Amino acid sequence: MQAVMYEAFGAPLEVREAPDPVAPSGGVVIRVEATGLCRSDWHGWQGHDADITVFPHVPGHELAGTVAELGPGVTGWKPGARVTVPFVCACGRCRSCLNGDQQVCENQTQPGFTHWGSFAEYVVIENADVNLVGMPDEMAFTTAAGLGCRFATAFRAVVAQGRVAPGEWVAVHGCGGVGLSAVMIAAAAGARVIAVDVSAASLDLASRLGAVATVDASETDAATAVRDISEGGVQVSLDALGSPATARASIAGLRRRGRHVQVGLLPTAAGRADLPMELVIAHELEILGSHGMAAHAYGPMMAMVRAGTLRPDLLVSRTIGLGDAPAALAAMNTPGVTMIVPPRHPM
């Protein structure tokens, strides 16, 4: 198969020939029909993820495709099934999984981080009966691929962790893939959304996806602007970028008893976030994390997508081939979501 590989953190990204994978016991091989270009892949390539320890490495963790091969013990799926997966692939056996919290599985695997990922023609997914999510026949692979990380993560961050209610003010700091997803989902939940970014193009897209106001953080203090627009602060704020500055601004823009949800990764290389804990105490704020969404929780999100209430397809700004993926990952500067469509060669 063909795959995008790198030999060391920060080393050149190259498309190479690689051995076709073999389905492990309990797992499957998926023919990748579409895979998303995500900033988490960029972080991994730069060495910000401790799970990447073996080289050469293949990135990619947002994917959709068809089941190409079943390993021994898989009972719930057949070859040819159209599927997507959460980026956190759970074991199904640990205490967290047994409590229904597969998104924080104690033995989790993540394609593109703990093992070779989906910037390739084929990818292995372990514990298939726990982790595969069936796709509706009418859903495009490019739409489904984005659900596994950015959209599902944003859905859980807004709905489950943020507990957004109709009429509430919501601020979204960072309008990349996950931030734009959060804007769309919060707006669909009936919230009044303020989008914050430094890119005019990203803010324009956020407006088209449902934001009622935008803030250019390169021109004004984001927290002050958010408080002014919402007349005292928002009930829910998400840091969808992941930086000390955006985390602080997200918390500082909350009204009393507000809820901050940290979605964007805060890699150690960027420094520990110096958060305004005095506000957390004095205003009784909630600080919450959000780490993906378990496969069993996809039902309500899928129903909203099928009904047209949510339109993740609108987030896909361009589609490229596998050969264009190295340059696109290195740049990571295109508003919206870029989808990679690998070539179709028989296994």
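One can find the structure itself at the top, above this paragraph.
Keep in mind that this is a model prediction, so the values were computed, not measured. (Residues numbered from 1 in each chain as written. Predicted model: local features only at pLDDT ≥ 70, side-chain atom pairs only at ≥ 80, totals over all residues. Heavy atoms only, no water.)

A. Examining the overall build of the protein chain more closely. Within the protein chain, the secondary structure is distributed over twelve helices and 15 strands. A compact globule built from 347 residues would reach a C-alpha radius of gyration of about 20 Å, and the protein chain, at 20 Å, matches this within 12%. Along the longest, intermediate and shortest principal axes, the C-alpha atoms of the protein chain span 60 × 40 × 35 Å. Of all 347 residues assigned to the protein chain, the portion counted as buried reaches 57%. Partitioning the contacts of the protein chain with sequence separation of at least 6, the portion at a separation of at least 24 is 70%. (Helix = DSSP H or I, 4+ residues; strand = E, 2+ residues; numbered from the N terminus. Rg over C-alpha atoms; globule rule 2.2 N^0.38 Å. Buried < 20%, exposed > 50% of the residue type's maximum accessible area, 1.4 Å probe, protein only. Contact = heavy atoms within 4.5 Å.)

B. Focus on the side chain of H173. If you trace the backbone, H173 turns up in strand β8 (residues 169-173). You can call H173 buried: its relative accessible area is 2%. Side-chain polar atoms of H173 contact the side chain of S237, separated by 3.5 Å. Apart from residues no more than four positions distant in its own chain, H173 is found in contact with V196, A222, V226, S237, L238, D239, A240, L241, T246, A249 and S250. (Polar contact = N/O pair within 3.5 Å; in protein donor to acceptor, adjacent residues only side chain to side chain.)

C. Quick peek at the side chain of D41. Position of D41 among the secondary structure elements: in helix α1 (residues 39-45). Once residues within four sequence positions are removed from consideration, D41 is found in contact with G36, P59, G60, H61, F113, F119 and L329.

D. Expanded view of the packing of aromatic side chains. Applying the stated criterion across every chain yields a total of two aromatic pairs. Plain terms: the ring middles of Y6 and F55 are 6.2 Å apart, the flat faces sit at 50 degrees to each other, and that makes the pair tilted. A residue pair is termed long-range when its members are at least 10 positions apart, and Y6 in the loop between β1 (2-5) and β2 (14-17) and F55 in the loop between α1 and β4 (63-70) qualify at 49 residues. When its relative accessible area of 29% is taken as the criterion, F55 is described as partly exposed. Within the aromatic cluster, the residues linked to one another by ring pairs are Y6, F9 and F55. (Phe/Tyr/Trp six-rings, centres within 6.5 Å; stacked < 30°, edge-to-face > 60°.)

E. Representation of the pattern of salt bridges in the model. The tally for this structure, following the rule as stated, stands at ten salt bridges. When salt bridges with common partners are traced through the structure, they connect E7, E14 and R16 into a single cluster. (Salt bridge = Lys/Arg side-chain N within 4 Å of Asp/Glu carboxyl O.)

F. Molecular detail of the environment of A297. If you trace the backbone, A297 turns up in the loop between β13 (286-289) and α11 (298-307). The exposure class of A297 is partly exposed, given its relative accessible area of 25%. Distance in space between the C-alpha atoms of A297 and H173 is 25 Å, their sequence separation being 124 residues.

G. Up close: the state of the cysteines. The final tally for this structure, using the stated rule, is zero disulfides. No disulfide involves C94; its nearest neighbouring cysteine sulfur is the one of C97, lying 3.7 Å away. Left without a disulfide partner, C105 is nearest to the cysteine sulfur of C91, which lies 3.6 Å away. For C105, a relative accessible area of 3% corresponds to the buried category. (Disulfide = S-S within 2.5 Å.)

H. Region of the structure containing unusual backbone geometry. A cis geometry characterises the amide bond from F55 onward to P56, with omega recorded as 0 degrees. Residue N127 is not a glycine yet carries a positive backbone phi of 50 degrees. Within the secondary structure, N127 sits in the loop between β6 (122-125) and α3 (128-131). A positive phi angle, close to 55 degrees, is found at E231, a residue other than glycine.

I. How the structure looks around the pairing of β4. Sheet topology note: the strand β3 (residues 28-37)/β4 ladder contains seven bridges and is antiparallel. Residue pairing in the sheet places V32 in a bridge with G65 of β4. Strand direction decides the pairing type here: β4 and strand β5 (residues 82-84), joined by three bridges, are antiparallel. In the strand pairing of β5, A64 is matched with T84. (Pairing = 2+ DSSP bridges.)

J. Fine view of the sheet that holds β13. If you trace the six strands from one edge of the open sheet to the other, you get β10-β9-β8-β11-β12-β13, paired in parallel fashion. Here the strands that pair on one side only, and so sit at the sheet edges, are β10 (213-216) and β13. Each adjacent strand pair in this sheet contributes to an overall mean axis angle of 20 degrees, direction not counted. Sheet topology places strand β11 (residues 234-239) next to strand β12 (residues 254-262); five bridges connect them, and they run parallel. The partner of V234 across the bridge, within β12, is L254. This element, helix α9 (residues 244-252), spans β8, β11, β12 and β13 of the sheet and lies at about 150 degrees to β12. (Axes fitted to C-alpha atoms, helices over the stretch in contact; angles between N-to-C directions.)

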